Amino acid sequence: MARDLSTELIHHAYKPPAGFAAPQEPVHKASTVVFPNVAALRARDWRNKNGYTYGLHGTPTTFTLEERIATLEGGTECVLAPSGLAAVALVGQALLSAGDEVLLPDNVYGPSLQLARGEFARWRITHRLYDPMDAAGFAALLGPNTKLVWLEAPGSVTMEFPDLAALAAAAKARGVATALDNTWGAGIALRGFEHGIDIAMQALTKFPSGGGDVLMGSVVTRDAALHERIKLTHMRLGLGVAGNDAELVLRSLATMPLRYAAQDAAGRALATWLGQRPEVAQVLHPALPGSPGHEHWQRHCTAAAGLFSVMLHERYSTQQVEAFVDALQLFRIGYSWAGPVSLVVPYELTAMRSASAAHQPHLHGHLVRFSIGLESVADLQADLAQALERALR
Ligand SMILES: *Cc1c(COP(=O)(O)O)cnc(C)c1O
């Protein structure tokens, strides 16, 4: 039977080139996965990674990325979400029900707090903020309804490094699950499972992508039952990721340890240099002595991300600080980090922290956060010097 061109173009007898074997992963893209017959359709279970059922539940490309991210974090199972924030939300939605409480560190990533104040509150999931630097007083905060402890190391923007192992142990002693936002440690500087946490979440948007051009998140576990719970919620919420995006992250993973090390070295060099400048009251970089929680960083980490903040002296006005940021030429003004381009953001701390933490002595002055990219350290230092001279003299 002669078939129409429209049919021929779809049912073309394409075969991949014989003998083509390359180590690079092909990009598999699918909504529909077809089955050879009804028996095969009935036999396949979306939870079984040996079989594919529907694009949303995974393709060879996303399964490969999940396996590599699980390896990166030192866990066994991984699910991918369309952004880091979607991964944060997924953990909460999988583990929390109406009447439950989640404890968040006072220096939690801002959008994670907005999620708790918005959707979680609407779903009658309550939250309380804890002081991440008070590990001794932490156990007393765990209440009968506390079902999840959120951890972040170091804290967002202000960079305090908590005693992660002590916080995780206190939660474990009460049977409360712990989830670590490991975007900073990325599985390279910090491997959360070795310090007793149950769930490692990461914004793959940052170091694993490394390009500043893709959004993705991951949730890694070591416990099959916990993974099953997260995976079911993930499926019911429809949180799939696109094949092209997964391929971008897979391609970048190979260079991630090198990029991480280069940005670590550059970040420490620039943070140390800034610490010696008269305009700077305090450097907030967990790998540098004198930063809050430096001793905890030493016990938990083998490296540091190229991300740090400085407190410019209180004597400057907000306008002067903004003029300094505007005078920078290589550092671009923007959120996110771990891409090739160095970034800078000034923060208003009083609007971000509960009163007790905002009055901590290391937070006096004007906070400016730097993400170090892959440019020459000498050029970045010259850029900082010219902007300091121009705006703060
Ligand atoms: C960027 C980031 C997220 C969210 O990742 P997105 O992909 O931008 O949604 C979560 N936590 C931390 C610590 C981050 O830096």
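The rules behind the values
- Sequence order sets the numbering: in each chain, residues are counted from 1 along the sequence as written.
- Under the rules for a predicted model, residues below a pLDDT of 70 receive no local features and side-chain atom pairs below 80 are neither given nor counted, while totals for whole chains, interfaces and linings still include all residues.
- Water and hydrogen atoms play no part in the side-chain values, which are based on all heavy atoms of the structure.
- Inter-axis angles, ranging from 0 to 180 degrees, are taken between N-to-C directions of lines fitted to C-alpha atoms, where helices are fitted over the stretch in contact.
- Strands are runs of DSSP state E lasting at least two residues, helices are runs of H or I lasting at least four, and both sets are numbered from the N terminus onward.
- Left-handed describes a crossing in which the near helix is turned anticlockwise from the far one by less than a right angle; the clockwise case is right-handed.
- Contacts: residue pairs with any heavy atoms within 4.5 Å of one another.
- All amino acids are sorted into three groups, where Ala, Val, Leu, Ile, Met, Phe, Trp, Tyr, Cys and Pro are nonpolar, Asp, Glu, Lys and Arg are charged, and the leftover types, Gly among them, are polar.
- Residue types Ala, Val, Leu, Ile, Met, Phe, Trp, Tyr and Cys, when buried and joined through side-chain atoms within 4.5 Å, form a set referred to as a nonpolar core.
- Exposure categories follow from relative accessible area, calculated using a 1.4 Å probe and restricted to protein chains: below 20% of the type maximum is buried, above 50% is exposed, and the middle band is partly exposed.
- How far each domain reaches was decided by an automatic or database domain assignment.
- In this analysis, strands are considered paired if DSSP registers two or more bridges between them.
- We call a residue near a molecule or strand whenever a single non-hydrogen atom of that residue lies within 4 Å of it.
- Side-chain atoms alone can form a polar contact between residues adjacent in sequence; in general such a contact is a pair of N or O atoms within 3.5 Å, and within protein one must be able to donate a hydrogen while the other accepts it.
- Calculation of accessible area relied on Shrake-Rupley with a 1.4 Å probe; when residues are assessed, cover is drawn exclusively from the protein chains displayed.

(A) Structural context of the packing of helix H11 (residues 318–327) against helix H13 (residues 377–391). With their axes 8 Å apart at the nearest point, H11 and H13 run at an angle of 145 degrees to one another. The two elements H11 and H13 cross, and the hand of that crossing is right-handed. Within the contact between the two elements, H11 uses Gln320, Ala323, Phe324 and Ala327 and H13 uses Asp383, Leu384, Gln386, Ala387, Leu388, Arg390 and Ala391. Among the residues forming the contact of H11 with H13, the class breakdown is seven nonpolar, two polar and two charged.

(B) Inspection of the nonpolar core at higher detail. Ranked by internal contacts, the top residues of the largest apolar core, which has 58 residues, are Leu65, Val149 and Trp184. Those elements that provide at least two residues to this core are helix H3 (60–73), strand E1 (77–81), strand E4 (146–152), helix H6 (164–173), helix H8 (243–253), helix H9 (256–275), strand E9 (307–312) and strand E11 (343–347). Of all the elements, H6 adds the most residues to this core, at five residues. Composition of this core by domain shows at least three residues from each of domain 1 (38–253) and domain 2 (256–391). In terms of nonpolar packing, the next biggest core, distinct from the first, is built from 30 residues, Val102, Phe120, Ala177 and Ile230 among them.

(C) Spatial organisation of the pairing of strand E12 (residues 366–371). By the criterion of burial, E12 is predominantly enclosed, with six of the six residues buried. Neither face of E12 is left uncovered, since the one carrying His366, Val368 and Phe370 and the one carrying Leu367, Arg369 and Ser371 both have all their residues buried. Here E11 runs beside E12; their pairing, made up of five bridges, is antiparallel. Bridging across to E12, Val344 finds its partner in Phe370.

(D) Molecular detail of the site of the ligand. Taken together, Ser83, Gly84, Leu85, Tyr109, Glu152, Asp181, Thr183, Ala203, Thr205, Lys206, Leu215 and Trp337 make up all the residues around the ligand. Gly84 is positioned with one of its backbone polar atoms (N or O) 2.7 Å from an oxygen atom of the ligand. The separation between an oxygen atom of the ligand and a polar side-chain atom of Thr205 is 2.5 Å. Taken by itself the ligand offers 380 Å² of open surface, and the protein chains cover 89% of this. Across the shell around the ligand, the residue classes tally to five nonpolar, four polar and three charged.

(E) Looking closely at the sheet that holds E1. Overall, mixed pairing links the seven strands, which are arranged E1-E7-E6-E5-E4-E2-E3 in an open sheet. Of all strands in the sheet, those bounded by a partner on one side alone are E1 and strand E3 (126–130). For this sheet the average axis-to-axis angle between neighbouring strands, irrespective of direction, equals 20 degrees. Relative to strand E7 (residues 217–221), E1 runs antiparallel, the two sharing five bridges. Its bridge partner being in E7, Glu77 is matched across the sheet by Thr221.

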